[in-house]
Amino acid sequence: MNKPPDHILVIFGASGDLTRRKLIPALMELQKIDLLPQRFAVLGIGRSNYTDLTYREMISSHLDEPGEILPLLHYLSMDPEDKDSYPKLAARLQELGSQREIAENIIFYLATPPSLYATIPLFLSSKGLLTESGDIWRRIIIEKPFGMDYTSAHKLNRSLLKYLKEDQIYRIDHYLGKETVQNVLVTRFSNGIFEPLWNRNFIHHVEITASESIGVGTRGGYYDHSGALRDMLQNHLLQLVGFVAMEPPTVIASDAIRNEILKVFQSLRPITGDAIPKQVIRGQYMTSHVRGEAMPGYRSEEGVPEESRTETFVAMKLFIDNWRWGGVPFYVRTGKRLPTRVSEIVVHFNASPHPLFCDQQGSSGKGNQLVIRIQPNEGILLKFGMKVPGAGFKVQEVNMDFHYKDLADSYIPEAYQRLLLDCMQGDSTLYARADAVEAAWQFVDPILKTWEENQGIPLHGYPCGTWGPEVADQMIEGEDHTWRCPCKNLADDGLYCEL
Ligand SMILES: NC(=O)c1ccc[n+]([C@@H]2O[C@H](COP(=O)([O-])OP(=O)(O)OC[C@H]3O[C@@H](n4cnc5c(N)ncnc54)[C@H](OP(=O)(O)O)[C@@H]3O)[C@@H](O)[C@H]2O)c1
């Protein structure tokens, strides 16, 4: 891969958690593999009072081995909400550019609270800092959450599009930066064997789980205004649905792929009215003991009101009304304080139409499963029936699996590393487009609104360390299936997840 073009990366919110934990380490990795531009500088922005030197010291104190990244870091102390400080920013960029002979290309990364996502581009634009000319480009990366509902997302898009063209805006969804998520496309579209079966004629249902074992920690104040539906399902899980369900793009190019994802979102059958309590289960973790250890309930977490009705778990049954997926249920679930941290997609194929054989338990005809493990212990697993050696025709379910760790070169880049590099290269394939973000909000909005207006819809408590409320199990068990339990199958699958 070629080095990206020379540019300056401006990070608003440079004193924050995301910059320290994700952005700077991602830049360090890019530097290690020689994929930073030849001429490159980072300019951190924040109200906190640092000089270049003290900023480097602060960043360094959070890194195990800062390596060579520190000399590339600079800092400008300014309040992003103060319009009058933007000439100072313009002057500093000019100075950095000429000192280091960097072309005028700039990425502005907004790692600030979302309340600044419209303000910063407005002020940047008023100083002409977003204007492109000739080969000179200006790009802006926006962190999640991208809106809190359809109206706010649409408003934000409209205001950004006043100052920027869509191809200058990079809305980050770090799930799309994961190697294993991108591999969904490669598995589907580079192999001849899966795609002919990838439709309602052969697939019984699809399951997607993204669980976390941790609680909200110190982010209670933020999380309480968000909840699992907004924080995980509207963006990450629907993007996974998009990758699993999309039609083959005409080419592997940003708009071709994103057009297909949009069509999936536009085909989601709205969940409204009486269907909401049946198809969308919400839960909240309760004070409980996990393996002898006391775990605080969500309402006892720092920053969370005692009466909070914010969901920390959501499970949903959804349908995609198009020719490929008509009638195939997709079950998606996500939550905090579940037994383990795991994200995976499980495609359940139909059982054989005429069950000739019995399995070891004496029952017949289980469908094959294709498990795509996003994290941890990334890999792919196909479950199928095999004859037990000896007399008769007893069937045993066995696994055919591939583990990323077994590849000779098993280096899996961090999502932020891949996404930053893509933005530097001008490739927005793995970033969310305005229309898709809005379509995803249009799908979840009626649910959020109904939950808000109808307190009678249950918010189920669930003990920490379980897979959420039991009703979420019934949603799928009622149809003679269960959620795949990645922990129980650990030893069998080899795709163990640490408990
Ligand atoms: N942390 C993560 O892992 C993560 C993951 C996904 C998305 N995000 C998103 O990324 C963004 C940044 O997250 P973070 O965790 O780094 O947040 P953070 O630590 O709370 O804040 C980032 C920085 O923004 C600046 N800031 C805070 N309030 C401000 C205000 N009112 N006006 C101007 N600047 C303000 C602060 O710097 P100064 O006080 O120096 O100005 C702060 O260091 C958020 O939108 C978050 O939702 C974060």
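Residues numbered from 1 in each chain as written. Predicted model: local features only at pLDDT ≥ 70, side-chain atom pairs only at ≥ 80, totals over all residues.

(A) Local environment of the domain arrangement of the protein chain. Annotation of the protein chain at the domain level lists domain 1 (7-143) and domain 2 (176-416 + 433-493). Distance from the C-alpha centre of domain 1 to the C-alpha centre of domain 2: 36 Å. (Domains from an automatic or database assignment.)

(B) Region of the structure containing the site of the ligand. Close contacts around the ligand come from 18 residues, with Gly-13, Gly-16, Gly-46, Arg-47 and Ser-48 the closest. Looking at side-chain class alone, the shell around the ligand contains seven nonpolar, six polar and five charged residues. (Near = placed C-beta within 6 Å. Nonpolar A, V, L, I, M, F, W, Y, C, P; charged D, E, K, R; others polar.)

(C) Focus on the sheet that holds strand E8 (residues 280-286). The strand order across the open sheet built from ten strands is E14-E17-E16-E15-E13-E7-E12-E11-E8-E18, with neighbouring strands paired in mixed fashion. On the outer flanks of this sheet lie strand E14 (358-359) and strand E18 (459-463), each paired with one strand and no other. For E8 and strand E11 (residues 313-318), the ladder comprises four bridges, and the chain directions are antiparallel. Following the sheet pairing, Arg-282 is matched in E11 by Val-314. Along the sheet face, helix H13 (residues 470-477) touches E8, E11, strand E12 (330-335) and E18 and points at about 150 degrees away from the line of E8. (Pairing = 2+ DSSP bridges. Helix = DSSP H or I, 4+ residues; strand = E, 2+ residues; numbered from the N terminus. Contact = placed C-beta atoms within 7 Å. Axes fitted to C-alpha atoms, helices over the stretch in contact; angles between N-to-C directions.)

(D) Broad picture of the pairing of strand E5 (residues 138-142). The element E5 is extensively covered by neighbouring structure, given that five of its five residues are classed as buried. With five bridges joining them, strand E4 (residues 106-110) and E5 adopt parallel strand pairing. Bridge pairing in E5 places Leu-110 opposite Ile-142. Considered for its hand, the β-α-β crossover made up of E4, helix H4 (residues 119-126) and E5 is right-handed. The pairing of E5 with strand E6 (residues 169-171) spans three bridges and is classified as parallel. For Ile-142, the partnering residue across the bridge sits in E6 and is Arg-171. For the crossover that starts at E5, traverses helix H5 (residues 150-163) and ends in the parallel E6, the hand is right-handed. (Buried ≥ 20, exposed ≤ 12 C-beta atoms within 10 Å, placed from the backbone. Right-handed = clockwise from strand over helix to strand, strands pointing away.)

(E) The arrangement of helix H11 (residues 415-425) in detail. Within H11, nine of the eleven residues are buried, leaving the element largely enclosed by the surrounding structure. Those residues of H11 lying buried are Ala-415, Tyr-416, Gln-417, Arg-418, Leu-419, Leu-420, Leu-421, Cys-423 and Met-424. Buried residues along H11 sit against strand E1 (7-12), helix H1 (17-32), E4, E5 and E6.

(F) Looking closely at the environment of Glu-247. Assignment of secondary structure puts Glu-247 in the loop between helix H8 (228-245) and helix H9 (254-266). On the neighbour-count criterion, Glu-247 (14 C-beta atoms within 10 Å) is partly exposed. Between the C-alpha atoms of Glu-247 and Val-264, which are 17 residues apart in sequence, the distance is 8.4 Å. With residues up to four places along the chain from it excluded, the contact list for Glu-247 reads Glu-260 and Lys-263.

(G) Inspection of the nonpolar core at higher detail. Core analysis: the biggest nonpolar cluster contains 126 residues, and Val-10, Ile-11, Tyr-109, Leu-110, Leu-233, Val-241 and Phe-265 have the highest contact counts within it. Here this core takes eleven residues from H8, the largest share from any one element. Here this core spans two domains, and each of domain 1 (7-143) and domain 2 (176-416 + 433-493) adds at least three residues to it. Apart from the residues lying within four places of it in its own chain, the contact partners of Tyr-109 are Leu-9, Val-10, Ile-11, Phe-12, Leu-23 and Ile-141. (Core = buried A, V, L, I, M, F, W, Y, C linked by C-beta atoms within 7 Å.)

(H) Expanded view of unusual backbone geometry. In this structure, the amide linkage connecting Lys-144 to the following residue, Pro-145, adopts the cis form with an omega of 10 degrees. Within the secondary structure, Pro-145 is located in the loop between E5 and H5. Gln-375 connects to Pro-376 through a cis peptide bond whose omega is -15 degrees. If you trace the backbone, Pro-376 turns up in the loop between strand E15 (369-375) and strand E16 (379-387). Residue Glu-101 is not a glycine yet carries a positive backbone phi of 55 degrees.

(I) The arrangement of H9 in detail. Across its 13 residues, H9 extends 18 Å between first and last C-alpha, which sits within 8% of the 18 Å expected from 1.5 Å per residue. Buried residues along H9 sit in contact with H8 and helix H12 (434-453). (Expected span 1.5 Å × (residues − 1).)

(J) Structural detail: the sheet that holds E1. Across the sheet, which stays open at both edges, the six strands sit in the order E3-E2-E1-E4-E5-E6 with parallel pairing between neighbours. Strands at the two margins of the open sheet, each flanked by one partner only, are strand E3 (73-77) and E6. Sheet twist, expressed as the mean angle between neighbouring strand axes with direction ignored, is 20 degrees. Inspection of the sheet shows E1 paired to E4 by five bridges, in the parallel sense.

(K) Quick look at the pairing of E4. For E4, a buried count of five out of five residues is recorded, marking the element as mostly surrounded by other parts of the structure. Of the two faces of E4, the one carrying Ile-106, Phe-108 and Leu-110 and the one carrying Ile-107 and Tyr-109 are both buried.

(L) Structural detail: the confidence of the model for the protein chain. When the pLDDT values of the protein chain are averaged, the result is 93; 96% of them are 70 or greater. pLDDT under 50 marks residues 489-495. Its contacts with residues more than four places away, or in other chains, come to 14 contacts. (pLDDT = per-residue confidence, 0-100.)

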